[in-house]
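# Analysis of the macromolecular model
What follows is the residue order along each chain.
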Amino acid sequence: MDLTPEQLKVIREATIDDEAFQRVVSLFEDSNPTQSATVKVPSSPLFTLDLVQLNLIKAITSTIQSVIFMKDMDSCFIMANRTCLEMNHCANENEILGKTDFDFMPAEDAQIHFDIEQEILRTGIPFVDKENHFINLDNQPKWYLESKFPIYDQNGSIIALIGILRDITAQKLAELSLQRERNILKTVIDHIEDEIYIKDRESRFILANLATIKVHETTSEGLIGTTDFDYQTSALAQKFFDEEQTIMATGRPISGQIISAPSKFIEGTDDWYHISKVPVIDENGEVSGLVGINRNITAQKLAELSLQRERNLLHTLINHIYIKDREGRFIGANTATANAHNVAMEDLLGTTDFDYLPIEFAQKLFDEEQEIMATGQAVTNRELIIPTEITKSIPIWYLVSKVPTYDKDGNVSGLVGVNYDITDIKLAEIKLKQLELEQERSKILADFITHSSHEFRTPISVINTSTYMLERVDDPDKRQKYANRITNNTTRLLNLLDSLLLMSRIDRITDFEKDAFTLQRLLHDIVDQFQSKLLDKN
């Protein structure tokens, strides 16, 4: 018999590969329709069934991995292939014929299937490629892509239905696993204070962490699909857009760019940002967008500006000037010096450092000054720190210069000292070093994400490819092969996410524990880490 295009399409969807498809078609074409002369022959838009063809369908569907069955007008089974029998824990067809779904599944689930089938039998409208999820008789979650079609007799009346269920459990589990990994990644980046975001080829936001959402004063849903033109000045938004389009056109990232933008928190001021942007490459090797990291370095920039102002001030102001005799007594000073010693000018004169400082510290200063007066060698711009044990608060730093003075006979009579108070500058330098360390950490994070974007892309590409293949093969060995690939690459993603979590916590780690290790153990760990990657490549 000749098969119509519609019949060929149904056979194609139900068969596992080209070889099985050709085998089914040939069996139909080789059948002898005259053998149905003594049998009532039902016909339908899907198939023209006679006795020989019905037997052929039973024989052929027994080798097909998809679940295939026929039911009568009361939704009772009248045919079931091997896969259908196994799903319902039936040893042979006799254990399922005449029974309904109510005999094999909970009543509420069976009622849903019954209602759908009765609607098909009543209206003739097929039920095509509907996803069905349930817990099977082994208490395991299963997903099927379900299709059910009415069967007509020669008079055009519906007499039964045929159902085809394609097992997509492996695909759904892979999708759920991938979604869990995405949720973990989202959780990680949401707890990073830097702004992290992903944009598409048109520079539209498609993903962002909480820091980015907060800065843009919107919600996650409100941010998606918008661009910088919705939040920044037109000039700044155009700058960002042109820059991002260049990155995606050339594939070259930018790292460590410093920019200023009007503050969203304090009107009339600017915020400063350290920005890195890297292109995102899809499985075809094409640039599909970019990942951006913005770190707010406003505090650092303000510290730098403050330091510059302090340096400028240093050139115009002299804080402390004093004169001492050969015995180290104050015989002259300016008001700033008297104030630094918390005494009036007249009370300062005639005193020494031993009257204000601990003996050990005062002795150190005295010995230094005696050496200056003995040798005639001046001290210039020597840094002196008054520790917290003496100040009872923060340390005080001075830049000290001391030069000997001479009498009319050319003999050293004492010295003149000039102390510049550089405490604010030193504190700013300390803070600047801390901020520079933070900037270095930001660079490390940017470099890490740049490299990890490739590491994430590879296993995700393998998972996508394996999922794609799982949808199209029914061979158990092949399906297990692709499922194993998904498992291996999911493990790789978890290891990468562990690294990201460590990066997000490293700033808060202050005490590191020391642990003894052997070189042999280290080498074993390295081999174990790369073994799965080598297996995938081979």
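Structure's up top.
In this report, the structure presented in the accompanying data block is examined. (Residues numbered from 1 in each chain as written. Predicted model: local features only at pLDDT ≥ 70, side-chain atom pairs only at ≥ 80, totals over all residues. Heavy atoms only, no water.)

### Observations concerning the overall build of the protein
- For the protein, the helix and strand inventory stands at 17 helices and 15 strands.
- Here the protein holds 538 residues, and 40% of them are scored as buried.
- A separation threshold of at least 6 residues defines the contact pool for the protein, and within that pool the share at least 24 residues apart is 46%.
- Working note: accessible area of the protein is about 30600 Å², and carbon and sulfur atoms make up 54% of it. (Helix = DSSP H or I, 4+ residues; strand = E, 2+ residues; numbered from the N terminus. Buried < 20%, exposed > 50% of the residue type's maximum accessible area, 1.4 Å probe, protein only. Contact = heavy atoms within 4.5 Å. Areas by Shrake-Rupley, 256 points an atom, 1.4 Å probe, with all protein chains shown as cover.)

### As for the state of the cysteines
- Counting across every chain of the model gives zero disulfides.
- We note that Cys90 lacks a disulfide partner, and the nearest cysteine sulfur, in Cys84, lies 7.6 Å from it.
- The exposure class of Cys90 is buried, given its relative accessible area of 10%. (Disulfide = S-S within 2.5 Å.)

### Overview of the side chain of Asn88
- Topologically, Asn88 is positioned in the loop between helix H4 (82-87) and helix H5 (107-123).
- For Asn88, a relative accessible area of 8% gives the class buried.
- In this structure the side chain of Asn88 is engaged in a polar contact, spanning 3.0 Å, whose partner is the backbone oxygen of Cys84. (Polar contact = N/O pair within 3.5 Å; in protein donor to acceptor, adjacent residues only side chain to side chain.)

### Brief notes about the sheet that holds strand E1 (residues 67-71)
- Taken in spatial order, the five strands line up as E2-E1-E5-E4-E3 in an open sheet, and their pairing is antiparallel. Since the sheet does not close on itself, it has two edges, and those belong to strand E2 (77-80) and strand E3 (127-135), each with one partner. Going from strand to strand, the sheet's axes swing by 25 degrees on average, the running direction of each strand aside.
- Relative to strand E5 (residues 158-167), E1 is paired through five bridges, and the arrangement is antiparallel. (Pairing = 2+ DSSP bridges. Axes fitted to C-alpha atoms, helices over the stretch in contact; angles between N-to-C directions.)

### Details of the pairing of strand E15 (residues 412-421)
- Where burial is concerned, most of E15 is hidden: seven out of the ten residues are buried.
- Relative to E15, strand E11 (residues 320-325) is paired through six bridges, and the arrangement is antiparallel. In the strand pairing of E15, Asp325 is matched with Gly414.
- Direction of pairing for strand E14 (residues 396-406) relative to E15: antiparallel, over a ladder of nine bridges.

### Concerning the environment of Leu427
- Residue placement: Leu427 occurs in helix H15 (residues 423-470).
- Judged by relative accessible area, which is 32%, Leu427 ranks as partly exposed.
- Residues Leu427 and Ala303, spaced 124 residues apart in sequence, show a C-alpha to C-alpha distance of 9.8 Å.
- In this structure Leu427 touches Ile394 and Trp397, once residues within four positions along its chain are discounted.

### Let's talk about the sheet that holds strand E10 (residues 287-296)
- The strand order across the open sheet formed by five strands is E7-E6-E10-E9-E8, and the pairing between neighbours is antiparallel. In this open sheet, the two edge strands, each paired with only one partner strand, are strand E7 (205-208) and strand E8 (254-262). The mean angle between the axes of side-by-side strands here comes to 30 degrees, regardless of whether they run parallel or antiparallel.
- Sheet topology note: the strand E6 (residues 195-200)/E7 ladder contains three bridges and is antiparallel. Note that in E7 the partner of Lys199 across the bridge is Phe205.
- Lying on the sheet, helix H9 (residues 234-250) is in contact with E6, E8, strand E9 (270-281) and E10; it crosses E8 at an angle near 165 degrees.

### Observations concerning the nonpolar core
- Counting 16 residues, the largest nonpolar core has Val67, Phe69, Phe77, Ala80, Cys84 and Ile96 as its most contacted members.
- At the level of secondary structure, the elements contributing two or more residues to this core comprise E1, E2, H4, strand E4 (141-152) and E5.
- Of all the elements, E5 adds the most residues to this core, at three residues.
- Contacts of Phe69, omitting those with residues within four sequence positions, involve Phe77, Met79, Ala80, Cys84, Glu117, Lys148, Leu161, Ile162, Gly163 and Leu165.
- Formed by 15 residues, the second largest nonpolar core is a distinct cluster that contains Tyr322, Phe330, Phe361 and Val400. (Core = buried A, V, L, I, M, F, W, Y, C linked by side-chain atoms within 4.5 Å.)

### Let's talk about a nonpolar patch on the surface
- Together, Ile394, Leu427 and Ile430 give the surface a local cluster of nonpolar side chains, amounting to about 230 Å² of exposed area.
- With respect to the helices and strands, the residue Ile430 is situated in helix H15. (Patch = residues over 30% accessible without salt bridge, like charges linked within 9 Å, V, L, I, M, F, W, Y side chains within 5 Å. Salt bridge = Lys/Arg side-chain N within 4 Å of Asp/Glu carboxyl O.)

### Details of helix H6 (residues 169-190)
- For H6, with 22 residues, the first-to-last C-alpha span of 31 Å sits near the 32 Å given by 1.5 Å per residue.
- Within the sequence span of H6, burial applies to Thr169, Gln171, Lys172, Ala174, Ser177, Leu178, Glu181, Val188, Ile189 and Asp190. (Expected span 1.5 Å × (residues − 1).)

### Details of the pattern of salt bridges
- Under the defined criterion, the tally for this structure stands at 28 salt bridges.
- Salt-bridge contacts for Glu146 lead to Lys148; the nearest nitrogen and oxygen are separated by 2.9 Å. Of the two residues, Glu146 and Lys148, both sit in the buried class.
- With a shortest N-O distance of 3.8 Å, Glu438 and Arg295 are connected by a salt bridge.

### A closer look at the packing of aromatic side chains
- A full pass over the atoms with the stated rule returns seven aromatic pairs.
- By the ring-pair criterion, three or more aromatic residues cluster together here, those being Phe69, Phe77 and Phe104.
- The ring centre of Phe330 lies 4.8 Å from the NZ or CZ of Lys324, which sits over that ring. (Phe/Tyr/Trp six-rings, centres within 6.5 Å; stacked < 30°, edge-to-face > 60°. Lys NZ or Arg CZ within 6 Å of the ring centre and 35° of its normal.)

### Describing unusual backbone geometry
- One non-glycine residue, Asp129, lies in positive phi territory at about 50 degrees.
- Structurally, Asp129 can be placed in strand E3.
- Residues other than glycine seldom take positive phi values, yet Asn342 does so here, at roughly 60 degrees.
- By the secondary structure assignment, Asn342 is in the loop between helix H11 (335-340) and helix H12 (345-348).
- On the basis of relative accessibility, which here comes to 71%, the residue Asn342 falls in the exposed class.

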